[in-house]
Amino acid sequence: MLYWLTALSDGGDFFNLFRYITFRAGGAFLTALVFGFMFGRPLIDVLRRKQGKGQPIRDDGPQSHLSKAGTPTMGGLLIVGSLVTATLLWARLDNSFVWMVLFVTLAFALIGFSDDYAKVSKQNTKGVSGKVRLALGILIAVIAAFWAEWTHPADLQNQLALPVFKNLLINLGYFYVPFVVIVIVGAANAVNLTDGLDGLAIMPVMIAGGTLGIIAYAVGRIDFSEYLDVHYVPGTGELLVFTAALFGAGLGFLWYNAPPAAVFMGDTGSLALGGALGAIAVATKHELVLAVVGGLFVVEALSVIIQVLYFKRTGRRVFLMAPIHHHYEKKGWSEPTVVIRFWIISLILAMIGLATLKVR
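The paragraphs below set out a description of the structure included in this document.

1. Thoughts on the overall build of the protein chain
Inference 1: From N to C terminus, the protein chain includes 13 helices and 2 strands.
Inference 2: Computed over the C-alpha atoms, the radius of gyration of the protein chain is 20 Å, within 12% of the 21 Å expected from 2.2 N^0.38 for a compact globule of 360 residues.
Inference 3: Principal axes of the C-alpha set define a box for the protein chain whose edges measure 60 × 45 × 35 Å.
Inference 4: The buried share among the 360 residues of the protein chain stands at 54%.
Inference 5: Intrachain contacts of the protein chain at a sequence separation of at least 6 include 74% that bridge at least 24 residues.
Inference 6: Summed over its atoms, the accessible surface of the protein chain is roughly 16,000 Å², and 68% of this surface lies on carbon and sulfur atoms.
Inference 7: Side chains of the protein chain carry 27 positive and 21 negative charges; the gap between the two charge centres is 10 Å.

2. Observations regarding the packing of helix α5 (residues 176-194) against helix α11 (residues 295-314)
Inference 1: Running from amino to carboxyl end, α5 crosses α11 at an angle of 80 degrees, the nearest separation of the two axes being 8 Å. Classified by the angle between their axes, α5 and α11 sit roughly perpendicular to one another. For the pair α5 and α11, the contacting residues are A190, V191, L193 and T194 in the first and F297, E300, A301 and V304 in the second.
Inference 2: In terms of residue class, the contact of α5 with α11 is built from 6 nonpolar, 1 polar and 1 charged.

3. Quick look at a nonpolar patch on the surface
Inference 1: A cluster of nonpolar residues, V298, L302, I305, I306, L309, Y310 and V318, forms a patch on the protein surface that exposes about 580 Å² of accessible area.
Inference 2: Here I305 shows up in helix α11.

4. Let's talk about the nonpolar core
Inference 1: If you look at the biggest cluster of nonpolar residues, it comprises 93 residues, and the most contacted ones within it are M100 and F108.
Inference 2: Judged by nonpolar contacts, the second largest core, of 8 residues, contains L197, L200, I324 and F342.

5. Observations concerning helix α9 (residues 266-284)
Inference 1: Over its 19 residues, α9 extends 28 Å from the first C-alpha to the last, a length consistent with the 27 Å expected when each residue adds 1.5 Å.
Inference 2: By the criterion of burial, α9 is predominantly enclosed, with 19 of the 19 residues buried.
Inference 3: Downstream of α9 by one or two residues, K285 has phi in the positive range, about 60 degrees.

6. Some points on the packing of aromatic side chains
Inference 1: With the rule as written, the count across this model stands at 14 aromatic pairs.
Inference 2: For the ring pair F113 and Y117, a centre distance of 6.4 Å and an interplane angle of 20 degrees mean the geometry is stacked. Here Y117 and F113 lie together in helix α3 (residues 96-122), a separation of 4 residues that amounts to about one turn.
Inference 3: Classification of F113 as partly exposed rests on a relative accessible area of 30%.

7. A word on the environment of D223
Inference 1: Looking at the secondary structure, you find D223 in helix α7 (residues 222-228).
Inference 2: Note on D223: relative accessible area 38%, which makes it partly exposed.
Inference 3: Separated by 36 residues in sequence, D223 and P259 have C-alpha atoms that sit 44 Å apart.
Inference 4: A distance of 2.7 Å separates the side chain of D223 from the side chain of R221, its partner in a polar contact.

8. Let's talk about the side chain of S82
Inference 1: Mapped onto the fold, S82 is located in helix α2 (residues 76-90).
Inference 2: The exposure class assigned to S82 is buried, which follows from its relative accessible area of 1%.
Inference 3: Excluding residues that lie within four positions of it along the chain, S82 makes contacts with A32, F35, G36 and A249.

9. Side note on empty space enclosed by the protein
The method is simple in principle: a probe with the dimensions of a water molecule rolls over the atoms, and the space it marks as empty is what remains.
Inference 1: Counting across every chain of the model gives 2 cavities of 30 Å³ or more.
Inference 2: Together, 14 residues line the largest cavity, and L162, P163, V164, V230 and H286 are the ones closest to its centre.
Inference 3: When its volume is computed, the second largest cavity comes out at roughly 50 Å³.
Inference 4: Every residue along the wall of the second largest cavity is listed here: F108, I111, R133, G137, V185, A188, N189 and L271.
Inference 5: Listed by contribution, the elements that provide at least two residues to the lining of the second largest cavity are α3, α4 (130-151) and α5.
Inference 6: A per-element tally of the lining of the second largest cavity places α5 first, with 3 residues.
Inference 7: Residues belonging to the lining of the second largest cavity are distributed by class as follows: 5 nonpolar, 2 polar and 1 charged.

10. Structural notes on the pattern of salt bridges
Inference 1: Considering all chains together, one arrives at 8 salt bridges under this definition.
Inference 2: E238 is paired through a salt bridge with R24; the nearest N and O atoms lie 2.2 Å apart. Taken together, the residues E238 in the loop between α7 and α8 (239-257) and R24 in helix α1 (residues 21-51) connect sequence positions 214 residues apart. Each member of the pair, E238 as well as R24, carries the same accessibility label: buried.
Inference 3: We note a salt bridge from R92 to D94, for which the minimum N-O separation is 2.8 Å.
Inference 4: Connected through shared salt-bridge partners, D115, K119, R133 and D267 make up one network.

11. Concerning the packing of α2 against α9
Inference 1: As a packed pair, α2 and α9 sit with axes 7 Å apart at the nearest point and diverge in direction by 45 degrees. Classed by the angle they form, the pair α2 and α9 counts as oblique. Every residue of α9 that contacts α2 at G76, L77, I79 and V80 is listed here: T268, G269, A272 and L273.
Inference 2: Of the residues assigned to the contact of α2 with α9, the class counts are 5 nonpolar, 3 polar and no charged.

Here is what the cut-offs are and how they apply
- Residues numbered from 1 in each chain as written.
- Predicted model: local features only at pLDDT ≥ 70, side-chain atom pairs only at ≥ 80, totals over all residues.
- Heavy atoms only, no water.
- Helix = DSSP H or I, 4+ residues; strand = E, 2+ residues; numbered from the N terminus.
- Rg over C-alpha atoms; globule rule 2.2 N^0.38 Å.
- Buried < 20%, exposed > 50% of the residue type's maximum accessible area, 1.4 Å probe, protein only.
- Contact = heavy atoms within 4.5 Å.
- Areas by Shrake-Rupley, 256 points an atom, 1.4 Å probe, with all protein chains shown as cover.
- Lys, Arg positive; Asp, Glu negative; His and termini not counted.
- Charge placed at Lys NZ, Arg CZ, Asp CG, Glu CD.
- Axes fitted to C-alpha atoms, helices over the stretch in contact; angles between N-to-C directions.
- Parallel < 35°, antiparallel > 145°, perpendicular 65-115°, else oblique.
- Nonpolar A, V, L, I, M, F, W, Y, C, P; charged D, E, K, R; others polar.
- Patch = residues over 30% accessible without salt bridge, like charges linked within 9 Å, V, L, I, M, F, W, Y side chains within 5 Å.
- Salt bridge = Lys/Arg side-chain N within 4 Å of Asp/Glu carboxyl O.
- Core = buried A, V, L, I, M, F, W, Y, C linked by side-chain atoms within 4.5 Å.
- Expected span 1.5 Å × (residues − 1).
- Phe/Tyr/Trp six-rings, centres within 6.5 Å; stacked < 30°, edge-to-face > 60°.
- Polar contact = N/O pair within 3.5 Å; in protein donor to acceptor, adjacent residues only side chain to side chain.
- 1 Å grid on protein atoms, 1.4 Å probe; cavity = no way out; pocket = protein on both sides within 12 Å on 5 of 7 lines; lining within 4 Å.
- Points joined across faces, edges and corners; volume = space filled by probe spheres on them.

Structure representation (structure tokens):
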């Protein structure tokens, strides 16, 4: 919205700054951060009054988690509120990719909110039916797939770009939409599975989002894309504003989510943030790189899949408990140890993901 102030510029004054994506990204970061600090505590107080007993705690989970009973959930409202406000304020609103990512984020946030509300109101951990959540997620991802296809340049439509090998594109044809569904729905649910310890999910989301923001800025500039040997996707640079807002919103939330958490993000936040990461990866043609920079989420999801399939087949478990962060809790790692070590892993994976931007 503030980009329109450039109409008041004569080319060399303060208003000219709003032309620059990097300047507006900084403004989005600070806006989201301040929003989180300002409204965090009031929102937590409201959630505590409305929810009473807070988020139900799994009986079969680690015993140390029983002490978290009464902690309010739906803290994702703070993240999404900060993120959307900052993005609408600082991003160019004539950019199709910005609206596509916002659509996915808000739609998944609505699914998550419905699930959180069902859990809190019924005081059980079941919430909305998994089949309903999956069906709605697929619908959202299908819309995003056609939206992205319509916005991408003609030579990149329905194409799968491979990291490092710029000249190699795989035409997915009719399989493009199912592929996008797997990316977006998979990312949303993988982040959701990771959100099991105080501060565990939000920092890796911020790291992955920041990494994708750098990639989006690079592929959105023809000079950078040529130098880094990646496909040029006009308009994606504006997503740096969104990811900067995500980073600021994440920090604002982490202030209250740091152990011991005063609020949980709930499915409202985890589904929204995971969906956002998937949508950005689709927009920038870096879906496979997302599997690297978001590798922690991939491992968390795979640990659940492996555990379920192996148990159904043999009656035994591969992990002491799934998702895998609970496995390490069962092995005796303290919660802060698990969280910080997983943060370190996320940062390492982000550096590997950035390394795929091959310099000639």
